[in-house]
Amino acid sequence: MPRVLIACLVLAAAVAAAPATASAPSRAKGRDVTVLFGQALSKVRADPDFAKAVMLEADGTPNGNKPVDNAGQIASWRFVLDNQRTQGSDFASVTISYRRSSGFGTPDGNPSPFLDDVQMPKAPKMTLKRAVSLLDKAGFRDGFENVALRDPLGPDSTAPLYIFGLADNSFVGVNTKTGKVKPLS
């Protein structure tokens, strides 16, 4: 009888611990730009002036002015969307900001288009954490000051890139499809 009681207590403890374990990854993932991407798009499109906006890029920055070395240190994002397909709107582009401390702001329309990016209809599967890991494995270990998720218009056609601004004022791209890391000029 005591063995059955002990087994029940162990099982009950495991069940009680399961929800906490299951929710921890979703909290961490909830801050990743790949998740924020969809949330930003939904928030912007909820406004009739931006009903058909399409994502162009997301620009992330840490708090402070020192280089950082992991995805969790990116505290703010600015999402830029093309709005030229929303008929009747006075705005050709729109931005929305996200701060970890306060969440999303309100969409801010601009009558001018935002150029030099290919539209990204959905977020890439590669997380920022994975891109930082690939950056580190490629030997870029001195940290980065900012990061942009974008699909540059040219000169070559490519999948969206995580583009890291390094402390030495150089830029390094991580291809979200292939995982290749290369300096950008």
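Located above this text is the structure these notes cover.
Summary of the structure given here.

## Thoughts on the nonpolar core
In this structure, Trp77, Phe79, Leu128, Tyr162 and Phe164 are the most contacted members of the largest nonpolar core, which totals 34 residues. At the level of elements, α2 (33–45), β1 (54–62), β2 (74–82), β3 (93–99), α3 (128–137), β6 (144–150), β7 (161–166) and β8 (171–175) are the ones that each hand at least two residues to this core. Setting aside chain neighbours within four positions, we find Leu128 in contact with Asp32, Val33, Ala71, Ile74, Trp77, Val147, Tyr162 and Phe164.

## Points about the side chain of Thr176
Within the fold, Thr176 resides in the loop between β8 and β9 (181–184). By relative accessible area, which is 11% here, Thr176 ends up buried. Among the polar contacts listed, one links the side chain of Thr176 to the backbone oxygen of Pro160, at a separation of 2.7 Å. With residues near it in sequence (within four places) discarded, Thr176 still touches Pro124, Met126, Leu149, Ala159, Pro160, Leu161 and Tyr162.

## Let's talk about the pattern of salt bridges
With the rule as written, the count across this model stands at four salt bridges. With a closest N to O distance of 3.3 Å, Arg150 and Glu57 form a salt bridge. Here the residue Arg150 occupies a position in strand β6, and Glu57 occupies one in strand β1, the gap between them amounting to 93 residues. The partner of Asp117 in a salt bridge is Arg150, with the nearest N and O atoms 2.6 Å apart. Of this pair, Asp117 sits in the loop between β5 (108–110) and α3 while Arg150 sits in strand β6; the two residues are 33 residues apart in sequence, bridging distant segments of the chain. Just as Asp117 is buried, Arg150 falls in that class too. Among the ionic contacts, a cluster of salt bridges with common partners joins Glu57, Asp117 and Arg150.

## Considering the layout of surface pockets
Estimated volume of the largest pocket: approximately 470 Å³. Lining the largest pocket are 19 residues, with Pro152, Thr158, Leu161, Lys182 and Leu184 sitting closest to its centre. The element contributing the most residues to the lining of the largest pocket is β8, with four residues. Across the lining of the largest pocket, the residue classes break down as eight nonpolar, seven polar and four charged.

Rules used in this analysis
- Residues numbered from 1 in each chain as written.
- Predicted model: local features only at pLDDT ≥ 70, side-chain atom pairs only at ≥ 80, totals over all residues.
- Heavy atoms only, no water.
- Core = buried A, V, L, I, M, F, W, Y, C linked by side-chain atoms within 4.5 Å.
- Buried < 20%, exposed > 50% of the residue type's maximum accessible area, 1.4 Å probe, protein only.
- Helix = DSSP H or I, 4+ residues; strand = E, 2+ residues; numbered from the N terminus.
- Contact = heavy atoms within 4.5 Å.
- Polar contact = N/O pair within 3.5 Å; in protein donor to acceptor, adjacent residues only side chain to side chain.
- Salt bridge = Lys/Arg side-chain N within 4 Å of Asp/Glu carboxyl O.
- 1 Å grid on protein atoms, 1.4 Å probe; cavity = no way out; pocket = protein on both sides within 12 Å on 5 of 7 lines; lining within 4 Å.
- Points joined across faces, edges and corners; volume = space filled by probe spheres on them.
- Nonpolar A, V, L, I, M, F, W, Y, C, P; charged D, E, K, R; others polar.

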